[in-house]
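Architecture and fold: a report
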Amino acid sequence: MTHPAFQHFATFLLAFGALFSIVNPFSSAFIFFGATLGMSDKVRDQLARWVAIYAFCIVALSLYVGAYVLLFFGISIPVLRVAGGIIVAIAGLHMLNAPDATEQRRSETPSHTPLMDVPPSRLAFYPLTMPLTAGPGTISVAISLGAGRPNTVAGSIVFFAETLAAVALIALLVYFFYRYSARLAGWIGPTGTTIIVRLSAFLLFCIGIQVFWNGAAELLGTLSLGHPGSG
């Protein structure tokens, strides 16, 4: 028999592992760095803080409210996984085929001067939070996790505490890696940065295909169960 404390810890690990694999703050930090080239360390620090705050709010709301939103619109979890998997796979494929983000952003640096007048709280939401950090894939994963919450009051409280801790840790990692993205890029170098971004894009593409396949398998399973004459 599994100890209850281990089950609670397993819930935290499940939520953290699922969210970390899709958010991937380490690889996203290099994309964040490419998008903020030409900005001062102070502005980058402010942007990283606001991105972490926005990401925490989006994931937390998706965890605890997203399932009710799906119920209101009559959307099932398998359909959500199929749609989210397609979006994630397309995003990963786009990143794979896109030019080097660092070189592209460096060439666009002079045209970014008007953004210096935009408040970091507004600039951080789009596109740095949505869809770079907490995009449709992250939201679909969070809603899927939230849909599996226990039905009992005690179980729901424990689930809330464990998953909220996982989301908070993800947000802290996002802030840390984004805050020091310039140092990471300088330490690894342009070639290493490009390699990490490409590998992360390929993993993102694979994650999207896996999420899509999980949802499609569930939908196909329901069709086969309801097929006339199957008995």
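Structure report, in brief. (Residues numbered from 1 in each chain as written. Predicted model: local features only at pLDDT ≥ 70, side-chain atom pairs only at ≥ 80, totals over all residues. Heavy atoms only, no water.)

**Brief notes about the overall build of the protein chain**
Assigned secondary structure in the protein chain consists of 10 helices and zero strands. Overall, the protein chain shows an N-to-C arrangement of helices and strands of α-α-α-α-α-α-α-α-α-α. The buried share of the protein chain, taken over its 231 residues, is 37%. When contacts within the protein chain are restricted to residue pairs at least 6 apart in sequence, those whose partners lie at least 24 apart make up 90%. (Helix = DSSP H or I, 4+ residues; strand = E, 2+ residues; numbered from the N terminus. Buried < 20%, exposed > 50% of the residue type's maximum accessible area, 1.4 Å probe, protein only. Contact = heavy atoms within 4.5 Å.)

**Details of the packing of aromatic side chains**
Under the counting rule described, the total for this entry stands at 11 aromatic pairs. Seen from their ring centres, F12 and F16 are 6.0 Å apart, and the 10° between their planes marks the pair as stacked. Remark: F16 and F12 occur in helix α1 (residues 4–23); sequence separation between them is four residues, near one turn of the helix. F16 carries the same exposure label as F12, and that label is buried. With 4.9 Å between their ring centres and 40° between their planes, Y64 and F160 make a pair best called tilted. With Y64 in helix α3 (residues 41–64) and F160 in helix α9 (residues 153–179), the pair connects residues that are 96 residues apart, well separated along the chain. A residue is classified by how much of its surface remains accessible, and Y64, at 15% relative accessible area, is buried. An aromatic cluster is present here, built from F26, F30, F176, F177 and Y180 joined pairwise through their rings. In this structure, R179 is placed above the aromatic ring of Y180, and the distance from its NZ or CZ to the ring centre is 5.2 Å. (Phe/Tyr/Trp six-rings, centres within 6.5 Å; stacked < 30°, edge-to-face > 60°. Lys NZ or Arg CZ within 6 Å of the ring centre and 35° of its normal.)

**Considering the pattern of salt bridges**
This structure, assessed with the given rule, holds three salt bridges. For R44, the salt bridge goes to D41, with nearest N and O atoms at 3.2 Å. Of this pair, R44 and D41 both sit in helix α3, three residues apart, which is roughly one turn of that helix. In this structure, D45 and R179 form a salt bridge, with 3.1 Å as the shortest nitrogen-oxygen distance. Placement of the pair is D45 in helix α3 and R179 in helix α9, with a sequence separation of 134 residues. (Salt bridge = Lys/Arg side-chain N within 4 Å of Asp/Glu carboxyl O.)

**Observations concerning the nonpolar core**
Among the nonpolar cores identified, the biggest contains 43 residues, and L19, L47, V59, L63, V174 and Y178 are the most heavily contacted of them. Listing elements by their share of this core, those giving two or more residues are α1, α2 (25–35), α3, α7 (120–133), α8 (136–147), α9 and α10 (181–225). (Core = buried A, V, L, I, M, F, W, Y, C linked by side-chain atoms within 4.5 Å.)

**Focus: empty space enclosed by the protein**
Following the criterion strictly, the structure yields one cavity of 30 Å³ or more and no others. Computed from the structure, the largest cavity encloses a volume of approximately 50 Å³. Residue lining of the largest cavity: V23, A55, F56, V59, T133, A134, V167, I170, A171 and V174, and that is the complete set. Of all the secondary-structure elements, those providing two or more residues to the lining of the largest cavity are α3 and α9. The element that contributes the greatest number of residues to the lining of the largest cavity is α9, accounting for four residues. Broken down by class, the residue content of the lining of the largest cavity amounts to nine nonpolar, one polar and no charged. (1 Å grid on protein atoms, 1.4 Å probe; cavity = no way out; pocket = protein on both sides within 12 Å on 5 of 7 lines; lining within 4 Å. Points joined across faces, edges and corners; volume = space filled by probe spheres on them. Nonpolar A, V, L, I, M, F, W, Y, C, P; charged D, E, K, R; others polar.)

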